[in-house]
Amino acid sequence: MNTSIETQLIDGKAFAEKMTKEVAAQVAELQQTTGVTPGLAVILVGNDPASEVYVRNKTKQTHKVGMRSFMHLLPETTTQQELLTLIQRLNNDPDIHGILVQLPLPKHLDSDPIIQAILPEKDVDGLTAYNAGKLTLGHTDGFIPCTPLGCLLLLQQELSNLRGLNALVIGASNLMGKPMAQLLLNQGCTVTIAHIDTRNTEELARQADILIVATGCKELVKGSWVKKGAVIIDVGINRITTEENKVKLVGDVAFHETLGIASKITPVPGGVGPVTISCLLYNALSAAKKKK
Ligand code: NAD
């Protein structure tokens, strides 16, 4: 019998608010006990409107928890060498505990050497080879990329035990899909990764107890792809223009089609996005604690 179930929304905003409050309390305690105020440097090159919004939000939240924010807004014409020189300067600055380069960078810049130039102990986005290696080896003292960390925390809130569950991660970027798969593997999930060249993504999705989607393809995952009772984490953020000429954000999952099939799903907006920022603040706090 094909009965529908009640789908619960995973409230990322509420989760993020709670986490941000905890970080703020720990920042205050760190200041009181050691005199150290965590400092986070964010570098934005060019004027991509979506990146500008993310960076503004990050700065606002950084101030809100009592950390120092060092914003570097660089012109589109910035060269590879100029960016590397700035990263060296930030690496050597004792007031800065975390460095984040907002991605994507303009096309003329080669992002990998820029990311790898960040000192691993200041790499709060967890993208250096050192931190990626720590995650792969299951070491718990490295930095985990903020978005997959946020997805994992939401899953742990919603599911008492991830061990043995089938997880499909759709999207295999260094920023999101790969570390996400590794985190789930470390939790005992049976993990499959699908990407642009995967031939049977839909079929794989139907077997997944946990479905994490990070592709940048709006509403890629249809209701018919979803196993009944699955938990869905929709990471995608896609801007669309509605018939009323309004800009609206949608995810990589056809949200309404999954209602009655999935047991839980993160909405877009209000799901993963706010938790990503809280995880960044958490990582910056950890970086400052390690330095104290
Ligand atoms: P990316 O472009 O670096 O990687 C996309 C991945 O998806 C690639 O591995 C590609 O092979 C795969 N892919 C693309 N089309 C596919 C398809 N049709 N079927 C299967 N796989 C496909 O993107 P990213 O940086 O990983 O980001 C992915 C999405 O997540 C974007 O929408 C981005 O805006 C969003 N995002 C959200 C947050 C957040 O905080 N909520 C953070 C980071 C990224």
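Residues numbered from 1 in each chain as written. Predicted model: local features only at pLDDT ≥ 70, side-chain atom pairs only at ≥ 80, totals over all residues. Heavy atoms only, no water.

- Going by the annotation in an unreviewed UniProt entry, the name recorded for the chain is Bifunctional protein FolD, with Commensalibacter communis given as the source organism.
- Annotation of the chain in UniProt includes, under Function (unreviewed entry), the sentence "Catalyzes the oxidation of 5,10-methylenetetrahydrofolate to 5,10-methenyltetrahydrofolate and then the hydrolysis of 5,10-methenyltetrahydrofolate to 10-formyltetrahydrofolate." (UniProt positions renumbered as here; feature names shortened; annotations may be inferred.)

Quick notes on the pairing of strand S6 (residues 190–194)
Side chains on a regular strand alternate between the two faces of the sheet.
Here comes step 1: Inspection of the sheet shows strand S5 (residues 166–170) paired to S6 by 5 bridges, in the parallel sense. Note on S6: the bridge partner recorded for asparagine 166 is threonine 190.
Here comes step 2: As a crossover connection, the stretch from S5 through helix H7 (residues 177–186) into S6 is right-handed. (Pairing = 2+ DSSP bridges. Helix = DSSP H or I, 4+ residues; strand = E, 2+ residues; numbered from the N terminus. Right-handed = clockwise from strand over helix to strand, strands pointing away.)

Considering the environment of threonine 34
Here comes step 1: Tracing the sequence through the fold places threonine 34 in helix H1 (residues 12–34).
Here comes step 2: Among the residues examined, threonine 34 registers a relative accessible area of 34% and is labelled partly exposed.
Here comes step 3: Considering only alpha carbons, one finds threonine 34 and lysine 289, 255 residues apart in sequence, at a separation of 9.4 Å.
Here comes step 4: Within polar-contact distance, the side chain of threonine 34 engages the backbone oxygen of leucine 30 at 2.6 Å.
Here comes step 5: Only 3.1 Å separates the side chain of threonine 34 from the backbone nitrogen of valine 36, close enough to count as a polar contact. (Buried < 20%, exposed > 50% of the residue type's maximum accessible area, 1.4 Å probe, protein only. Polar contact = N/O pair within 3.5 Å; in protein donor to acceptor, adjacent residues only side chain to side chain.)

Structural notes on the packing of H1 against helix H6 (residues 146–158)
Here comes step 1: With their axes 11 Å apart at the nearest point, H1 and H6 run at an angle of 105° to one another. The pairing of H1 with H6 is recorded here as roughly perpendicular in orientation. In this structure, H1 uses Gly12, Phe15 and Met19 to contact H6, whose residues at the interface are Leu153, Leu154 and Gln157.
Here comes step 2: Along the lines of polarity and charge, the residues of the contact of H1 with H6 split into 4 nonpolar, 2 polar and no charged. (Axes fitted to C-alpha atoms, helices over the stretch in contact; angles between N-to-C directions. Parallel < 35°, antiparallel > 145°, perpendicular 65-115°, else oblique. Contact = heavy atoms within 4.5 Å. Nonpolar A, V, L, I, M, F, W, Y, C, P; charged D, E, K, R; others polar.)

Brief notes about the sheet that holds strand S4 (residues 98–101)
Here comes step 1: Spatial ordering of the open sheet is given by S3-S2-S4, a layout of 3 strands whose pairing is parallel. Looking at strand neighbours, the two that pair on one side only are strand S3 (68–74) and S4, the edges of this open sheet. For this sheet the average axis-to-axis angle between neighbouring strands, irrespective of direction, equals 15°.
Here comes step 2: Judged from the 4 bridges that link them, strand S2 (residues 39–45) and S4 form a sheet pairing that is parallel. Across the sheet, the residue bridging to leucine 40 is glycine 98, located in S4.
Here comes step 3: Against the sheet, helix H3 (residues 80–92) engages S2, S3 and S4, with an angle of about 175° to S2.

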